[in-house]
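Here's the letter readout for the chains.
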Amino acid sequence: MEMRSDGLSVDINKGNQEDNFLRKPAARVSNLDGERKTSFLSKPESVKDSKFILRMLDKIIGASLFMLVFGIPLFFTGLASQGIVFEKQIYFYFWLLLALISWSAKGVINEEMNIRRTPLDIPIMAFWLVYLISAFFSIDRWHSFWGAFGDPSRGFMSMTAMIIAYYLIVSNFNEKRLKLLFTAFISSGAILSLWTLLLFFNVPFTGFSFGSLIPDKIAQFIPLSLVGSVGGLGVFFSAMVILVSTAILKVVENDNPKTGKRKTLLGFLMFILLVDLFLILNISGYIIWSGLFIGIVLFLVYILSKIVRPHRNWVWLPMVIFVLIMIIKMTGAVSLISNKISLPVEVSADSFVENYKVSTEIAKNSLKNNFLIGSGPATYGYDFSLYKPQSFNDSMFYNLRFSQGSGIFFEAISTIGGLGTVALIILVLSYLSVSFYLISREKEKNKLYSLGIFSATTVALVAVATTKLEGSVLFFAVLLGILALAVILFESETTPKYLALSLKASPKFALALAFIFMLISAGVAFLFVFLGKVYVADVYAGRAMQESNQNQEDAIMKMAKTIGLNSRESIYYTKASVYYMMLANKEALKSEADRNVDNIRQYINFSVAAAAQGVTLNSHSVETVEALAQIYENSGMYVPDSLKLAEDTYNKALALEPHNPNYLLKLGQIKIADGASKKDEGERKALFGAAKDYFQKSIDEKNNFAPGYYQLSLIQDALGETDAAIDNGTKAAQLDQKNPDYLLSLANMYRLRAKNDDIKVAEEIFKIALKLDDKNINAHFYLGLAYGKDKNKDGAKVEYQKVIDLLAGDNTADTKSQLQKMISNIDKGIENTPENLGLTKPNAATPAAPDNSTDQAAPTVQPAQ
């Protein structure tokens, strides 16, 4: 410390520090002068480059959002085994991730990332949190995270992606984006309408039909509906009627002179509107009319009440559309579709009441067992099998399983429980209340875009809420709903509020933004690789499925690649097990000299191992358990205790699907196979009695179950209950009048009972069977036996001769010889009995071979027991 002359003290060290501090820049200038000059001169270039990069990132965001909206109705490759909805899901993820990484990169370069806050933030976050909890405690965590096989749209990953899409769009929204996304909806809808028109009606084009323009190799991959179902097409066309009407009203909104481009655009939009109405007329049985009426009435009411005011000369347009829709509804189905096109049978709006009853029962039973969080997202297939009512067996769809409920709310009750359903209802009601409120206030702003897009959204929302629809329709409804709210907020000129993460603010925000960017970048990189592997795996599975009938070895190799890329999917293991069993069948059909028993045993062992691994991955999937049971059932002597294993596995399947009559039928057939191998008569009858009980239960579950009545009649006949056997055999034949096995079995029962006019009745039934198939050797043979018993010698000889003529092959000589002997016996007046023919009389207690008509892609190796 030193005293100055003015009496102030000076810190010498501090002064030196200040001098040093002041000299540092000078030293830097002298030492790094060239570097400093370069930095100074390059600063404007750096700013210019940053602006250019920001513009490019903004264009990438816009292009990604455009493609996201544009491609959902149209995108498909036809290569994936899971189908078109799975492909659209991958497409959705790709463009969303590209937009997300561009948005986050833009935030880092701009040193600020703004996430817009909206009135739905709390309901969205509450719903997402419940979804996460439900997925964590799911009975099938993998599918609750990823989504169900074939339609992953209900998975946690998909739901998270939709929420990200919501914030991505509303946070990057402006007038330019409004027109961009609205154009995407209109253009994709127009292409979908024109494509469907050409496909449905085989419209001639330049002298050729539309189908002839497409090479056969490509045509085999083109689906009938680019959306996934005809019902889904109906939702798109219904929403497009309102969207296109909105576009027309916007084109004519001002009084500027109509230019050539404007006239062309207006004419094109009017044409697309007419095409949509025409397509609705032709698929009216698939239209969700409640949604269409609610949407168009909402659109019309707001216009007539002058809350929204289109051009005064075009107010007639929504009124005319409403009248045309009423006419189409009252006219009913008028199908002008080409005869070459066959529309599939779908669970349409016409069967809503019945589906509502089934869904209500499933929802009630689900709540009893897991009220709060349900079975887990994307597990409705499990709930459907476990809780479907017995009455469902009376419907034509009894043998089908549905992975979506009759409306998103019924599905939510079963999968995400009462808590998730309440969160979903609050979210939907919040969305509707905010939308109605903002559209209805401040009439002077004339929110035509808001009204049109929101009205179209209600069409899709009603469809999703009331009907079983695929993921592509769900994506369409969500994206349309997001755009509607973004437009409503924009046209209402609400003051936007943002959650701002800025590098310019405090270090904690800078750190948070940097962490978010790194997290997003790493996540996007991982997801791109993950999604690529998932898609390529499914493409391999699709190619394996195409080749499985011709080349099972190659199909198995492709399934091995599939499993190598995606080892979490249980269905892939099940498919591989089926291909191995097909190889075993192929080997078993070879001649005895060429057959390799070791290969058969190895193929079956591999099949069992693959099917068992599928069950290990997803023990709550009735499909995988059923496949393993079928493998065991047909493994025979190649797998020790195969019948016992099959029985145990079918019982597990029955626990997952208690009202399935096919499983009861299978269990009864297993009891017959087990009883046929027993030497003790008491043990045999006990097993046959158990089989009889299973068959009786199968028809109790489904009172019009023809296979159940047929098998019950066989076992009753074997147990000596002939009259009851004939009664049940008659029911089987009445329920399935074109099944020759049922007719032959019934006719033989009459023939063997031989009371009163039984022989005559048997003859008539045999003749009915021959009308179905005149080359049925068994029918001719048994009719010959009936004629013989009825003393119709000439008729018997004719039938036996027909059998001889129909027999073909080198190994039929002995059979033909026996038939010639039977004809000779008739001429000699000798009765054709097993003893007279030198044959051993069959054991009457052994029933006929079980019918395999209920097998679903099951292997067919018939083992020696």
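Residues numbered from 1 in each chain as written. Predicted model: local features only at pLDDT ≥ 70, side-chain atom pairs only at ≥ 80, totals over all residues. Heavy atoms only, no water.

Caption draft 1: Focus on the overall build of the protein chain. Along the backbone of the protein chain there are 33 helices and six strands. Sequence separation of at least 24 residues holds for 72% of the intrachain contacts in the protein chain that already meet a minimum separation of 6. Accessible surface, the protein chain: about 40,900 Å² in total, of which carbon and sulfur atoms supply 60%. (Helix = DSSP H or I, 4+ residues; strand = E, 2+ residues; numbered from the N terminus. Contact = heavy atoms within 4.5 Å. Areas by Shrake-Rupley, 256 points an atom, 1.4 Å probe, with all protein chains shown as cover.)

Caption draft 2: Fine view of the pattern of salt bridges. A full pass over the atoms with the stated rule returns 30 salt bridges. Close ionic contact of Glu-657 with Arg-401 constitutes a salt bridge, the shortest N to O distance being 2.9 Å. Highlighted residues: Glu-657 in the loop between helix 24 (642–656) and helix 25 (661–676) and Arg-401 in the loop between helix 14 (380–387) and helix 15 (408–415), separated in sequence by 256 residues. On the accessibility criterion, Arg-401 (23% relative accessible area) is partly exposed. The shortest N-O distance in the salt bridge between Lys-760 and Asp-790 comes to 3.1 Å. Remark: Asp-790 occurs in the loop between helix 31 (777–789) and helix 32 (793–806) and Lys-760 occurs in helix 30 (residues 758–772); sequence separation between them is 30 residues. (Salt bridge = Lys/Arg side-chain N within 4 Å of Asp/Glu carboxyl O. Buried < 20%, exposed > 50% of the residue type's maximum accessible area, 1.4 Å probe, protein only.)

Caption draft 3: The arrangement of the packing of helix 3 (residues 84–109) against helix 18 (residues 471–491) in detail. One way to put it is that helix 3 packs onto helix 18 with a least axis distance of 9 Å and a crossing angle of 35 degrees. Taking contact as the criterion, the partners of Val-85, Lys-88, Gln-89 and Phe-92 in helix 3 are, on helix 18, Gly-471, Ser-472, Phe-475 and Leu-479. Tallied by class, residues from the contact of helix 3 with helix 18 come to four nonpolar, three polar and one charged. (Axes fitted to C-alpha atoms, helices over the stretch in contact; angles between N-to-C directions. Nonpolar A, V, L, I, M, F, W, Y, C, P; charged D, E, K, R; others polar.)

Caption draft 4: Geometry of unusual backbone geometry. A positive phi angle is found at Lys-306, which is not glycine, with a value near 65 degrees. In this fold, Lys-306 is placed in the loop between helix 11 (289–304) and helix 12 (316–331). What makes Lys-306 exposed here is its relative accessible area of 57%. Even without a glycine there, the phi angle at Ala-378 is positive, about 65 degrees. Classification of Ala-378 as buried rests on a relative accessible area of 11%.

Caption draft 5: Local environment of a nonpolar patch on the surface. The grouping of Leu-304, Trp-316, Met-319, Val-320, Val-323, Leu-324, Ile-327 and Met-330 at the surface amounts to a nonpolar patch, some 710 Å² of accessible area in total. In this structure, Val-323 sits in helix 12. (Patch = residues over 30% accessible without salt bridge, like charges linked within 9 Å, V, L, I, M, F, W, Y side chains within 5 Å.)

Caption draft 6: Structural context of the nonpolar core. Core analysis: the biggest nonpolar cluster contains 141 residues, and Phe-92, Trp-146, Leu-243 and Ile-325 have the highest contact counts within it. With sequence-adjacent residues up to four places away left out, Leu-243 is seen in contact with Phe-182, Phe-185, Ile-186, Gly-452, Ile-453, Ala-456 and Leu-480. (Core = buried A, V, L, I, M, F, W, Y, C linked by side-chain atoms within 4.5 Å.)

Caption draft 7: Layout of the environment of Gly-232. In this fold, Gly-232 is placed in helix 9 (residues 230–251). The exposure class of Gly-232 is buried, given its relative accessible area of 0%. The sequence separation of Gly-232 and Ala-460 amounts to 228 residues, and the corresponding C-alpha distance is 9.7 Å. Dropping the residues within four chain positions of it, Gly-232 is found in contact with Val-227, Leu-469, Glu-470 and Val-473.

Caption draft 8: Broad picture of helix 16 (residues 417–440). For helix 16, which comprises 24 residues, the first-to-last C-alpha distance of 34 Å matches the rise-based estimate of 34 Å (1.5 Å per residue) to within 8%. Downstream of helix 16 by one or two residues, Glu-442 has phi in the positive range, about 55 degrees. (Expected span 1.5 Å × (residues − 1).)

Caption draft 9: Highlighting the environment of Leu-279. You can see Leu-279 is positioned in helix 10 (residues 260–282). Since its relative accessible area comes to 1%, Leu-279 is described here as buried. Measuring from C-alpha to C-alpha, the distance between Leu-279 and Gly-234 comes to 8.3 Å, with 45 residues separating the pair along the chain. Not counting residues within four places of it along the chain, the set of residues in contact with Leu-279 comprises Ser-193, Thr-196, Leu-197, Phe-200, Phe-201 and Phe-237.

Caption draft 10: Expanded view of the packing of aromatic side chains. A complete count under the given rule lists 38 aromatic pairs for this structure. Considering the side-chain rings of Phe-66 and Phe-70, the 5.6 Å spacing of their centres and the 10 degrees angle between planes classify their relative orientation as stacked. A residue pair is termed a helical-turn pair when its members lie 3 or 4 positions apart in one helix, as Phe-66 and Phe-70 do in helix 2 (residues 33–71) at four residues. Overall, the relative accessible area of 21% leaves Phe-66 in the partly exposed class. Where Phe-526 meets Phe-530, the ring centres are 6.0 Å apart and the plane angle is 10 degrees; that geometry is what we call stacked. Of this pair, Phe-526 and Phe-530 both sit in helix 19 (residues 507–547), four residues apart, which is roughly one turn of that helix. (Phe/Tyr/Trp six-rings, centres within 6.5 Å; stacked < 30°, edge-to-face > 60°.)

Caption draft 11: Structural view of a positive patch on the surface. On the surface, Lys-51, Arg-55, Lys-59 and Lys-176 cluster together into a patch of positive charge. Among the elements that line the positive patch, the one with the most residues is helix 2, at three residues. Mapped onto the secondary structure, Lys-59 falls in helix 2. For Lys-59, a relative accessible area of 55% gives the class exposed. (Lys, Arg positive; Asp, Glu negative; His and termini not counted. Charge placed at Lys NZ, Arg CZ, Asp CG, Glu CD.)

Caption draft 12: Main features of the side chain of Glu-470. Its place among the elements puts Glu-470 in the loop between helix 17 (448–466) and helix 18. Despite being buried, Glu-470 has no salt bridge partner; Lys-468 is the closest side chain of opposite charge, sitting 5.9 Å away. Excluding residues within four positions of it along the chain, Glu-470 makes contact with Val-85, Asp-151, Arg-154, Val-227, Gly-228, Ser-229 and Gly-232.

Caption draft 13: Local environment of helix 33 (residues 813–828). With 16 residues, helix 33 should reach 22 Å at 1.5 Å per residue; the first-to-last C-alpha distance of 22 Å fits that figure. Within helix 33, burial applies to Leu-819, Met-822, Ile-823, Asn-825 and Ile-826. One side of helix 33 holds all its buried residues, which, seen down the axis, span an arc of 155 degrees. Exposed residues lying more than 90 degrees from the buried face of helix 33 are Asp-814, Asp-827 and Lys-828. Summarising the contacts, the buried residues of helix 33 are in contact with helix 31 and helix 32. Gly-829, located one to two residues past helix 33, shows a positive phi value of around 80 degrees. (Arc of directions from axis to C-beta.)

Caption draft 14: Here's a closer look at the environment of Val-534. Mapped onto the secondary structure, Val-534 falls in helix 19. Between the C-alpha atom of Val-534 and that of Leu-565, which follows or precedes it by 31 residues, the distance is 6.7 Å. If near-sequence neighbours (up to four positions away) are discounted, Val-534 is found in contact with Phe-86, Trp-146 and Asn-566.

Caption draft 15: Highlighting the packing of helix 17 against helix 18. At a minimum axis distance of 8 Å, the contact between helix 17 and helix 18 shows a crossing angle of 150 degrees. Taken together, the axis directions place helix 17 and helix 18 in an arrangement best described as roughly antiparallel. Considering the relative orientation of helix 17 and helix 18, their crossing is left-handed. On helix 18, the residues that touch Leu-448, Tyr-449, Ser-450, Ile-453, Phe-454, Ala-456, Thr-457, Ala-460 and Val-464 of helix 17 are Val-473, Leu-474, Phe-476, Ala-477, Leu-480, Gly-481, Leu-483, Ala-484, Val-487, Ile-488 and Glu-491. Across the contact of helix 17 with helix 18, the residue classes tally to 16 nonpolar, three polar and one charged. (Parallel < 35°, antiparallel > 145°, perpendicular 65-115°, else oblique. Left-handed = near helix turned anticlockwise from the far one by under 90°.)

Caption draft 16: Here's a closer look at the confidence of the model for the protein chain. Per-residue pLDDT for the protein chain has a mean of 85; in total, 85% of the residues score no lower than 70. No element of the protein chain has a lower mean pLDDT than helix 1 (residues 12–31), which averages 40, and none a higher one than helix 4 (residues 121–136), which averages 97. Below pLDDT 50 for its whole length, residues 1–43 participates in 13 contacts with residues either more than four positions away or in separate chains. (pLDDT = per-residue confidence, 0-100.)

Caption draft 17: Local environment of the side chain of Thr-421. Tracing the backbone shows Thr-421 in helix 16. You can call Thr-421 buried: its relative accessible area is 8%. Side-chain polar atoms of Thr-421 contact the backbone oxygen of Ala-412, separated by 3.5 Å. Setting aside its immediate chain neighbours within four residues, Thr-421 contacts Phe-409, Ala-412, Ile-413 and Ile-416. (Polar contact = N/O pair within 3.5 Å; in protein donor to acceptor, adjacent residues only side chain to side chain.)

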